[in-house]
Amino acid sequence: MIEFSRMNKEPIFSFAAAITAAIIIPSCSSSTSSVDGVIDASQKTISITTGRGGILTPLKAGLRQRGWIIVSRSLSVREDKGDGQSVSHPGTARYGFDYEWYKYDNDVFTGQPILNFDASIIDNQTGREIISFSAHHTKQNTCVDKLLKLVDENTK
């Protein structure tokens, strides 16, 4: 009788583990970054494309809260890549921000889009890419928060 109960519990445990993994894995976020230099705290001006869509609103708000001056550029090149956009622009400020984001899947359980996000902060004086950042998550603000944390950690 003990073996019979045990046999019934193992498949139930395996099924429960599979369901737990199926819920957790799609909701996980990941990010990678590299830093090659520091941001000069005395020259916190950054060129970002005009607009308020997607990540731009929380990003611009976060930078302004940190004392950055946003130099909006209306001369930008936009490429449509289906569900997202790719943006590139020349910079007149000390630093420039280039990014690309797109929806690559939907979370199976929440239905929320999972976003892939790549961004770079470039020193316009040297042409050096100071921060390179890539993430995917169901919430765009999580990606922006991680990027802003990198900016904070590397502004001296």
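Remember, it's a predicted structure, so these values are computed and weren't measured experimentally. Along every chain, residues carry numbers that run from 1 in the direction the sequence is written. Where local features are concerned, this predicted model is filtered to residues with pLDDT of at least 70; where side-chain atom pairs are given and counted, the filter is 80 or more; whole-chain, interface and lining totals use all residues. Water and hydrogen atoms were dropped before computing side-chain values, which therefore reflect all heavy atoms in the structure.

Considerations on the overall build of the chain
Then, in step 1: In this text, helices come from DSSP runs of H or I with a minimum length of four residues, and strands from runs of E with a minimum of two, each type numbered from the N-terminal end. When helices and strands are tallied, the chain shows three helices and eight strands.
Then, in step 2: Going from N to C terminus, the chain has its helices and strands arranged as α-β-β-α-β-β-β-β-β-β-α.
Then, in step 3: Relative accessibility decides the category of a residue: with a 1.4 Å probe and only protein chains considered, values under 20% of the type maximum give buried, values over 50% give exposed, and everything between is partly exposed. Sorting the 156 residues of the chain into buried and exposed places 33% on the buried side.
Then, in step 4: Looking at the chain alone, contacts between residues at least 24 apart form 55% of all its contacts between residues at least 6 apart.
Then, in step 5: For the area figures, the Shrake-Rupley method with a 1.4 Å probe applies, and any residue is considered shielded solely by the protein chains shown. If you sum the accessible surface of the chain, you get close to 9,100 Å²; carbon and sulfur atoms cover 55% of it. By the convention used here, residues are in contact when the closest approach between their heavy atoms is within 4.5 Å.

Side note on the packing of aromatic side chains
Then, in step 1: For this analysis, a ring pair means two rings from Phe, Tyr or Trp (six-membered ring only for Trp) whose centres lie within 6.5 Å, classed as stacked if their planes differ by under 30 degrees, edge-to-face if by over 60, and tilted for the remaining angles. By the definition in use, this model includes three aromatic pairs.
Then, in step 2: Look at tryptophan 68 and tyrosine 95: their rings are 5.9 Å apart centre to centre, the planes differ by 70°, and that puts the pair in the edge-to-face class. Note that tryptophan 68 is positioned in the loop between helix 2 (56-65) and strand 3 (69-73) and tyrosine 95 in strand 6 (residues 95-106), a separation of 27 residues in sequence. Each member of the pair, tryptophan 68 as well as tyrosine 95, carries the same accessibility label: buried.
Then, in step 3: Ring centres of phenylalanine 97 and tyrosine 99 lie 5.5 Å apart, and the angle between their planes is 25°; this geometry places the pair in the stacked category. By the burial criterion, phenylalanine 97 is buried, and tyrosine 99 matches it.

Here's the deal with the side chain of asparagine 116
Then, in step 1: Relative to the elements of secondary structure, asparagine 116 occurs in strand 7 (residues 113-123).
Then, in step 2: Exposure remark for asparagine 116: the relative accessible area of 13% places this residue in the buried category.
Then, in step 3: Ignoring any residue separated from it by four or fewer positions in sequence, one finds asparagine 116 in contact with Glu100, Trp101, Tyr102, Tyr104, Ala135 and His136.

Points about the pattern of salt bridges
For side chains bearing opposite charge, pairing can occur when the charged atoms are close.
Then, in step 1: Salt bridge, as used here, is a side-chain nitrogen of Lys or Arg placed within 4 Å of a carboxyl oxygen of Asp or Glu. Applying the stated criterion across every chain yields a total of five salt bridges.
Then, in step 2: Several salt bridges share partner residues, and in doing so they unite Asp40, Arg94 and Asp123 into one network.

Focus: helix 2
Then, in step 1: All of the buried residues in helix 2 are Leu56, Leu59, Lys60, Gly62 and Leu63. Buried positions in helix 2, seen along its axis, are confined to an arc of 165° and lie on one side of it.
Then, in step 2: Following helix 2 by one or two positions, glycine 67 has its phi on the positive side, about 90°. By definition, the arc is the one covered by directions from the helix axis to the C-beta atoms.

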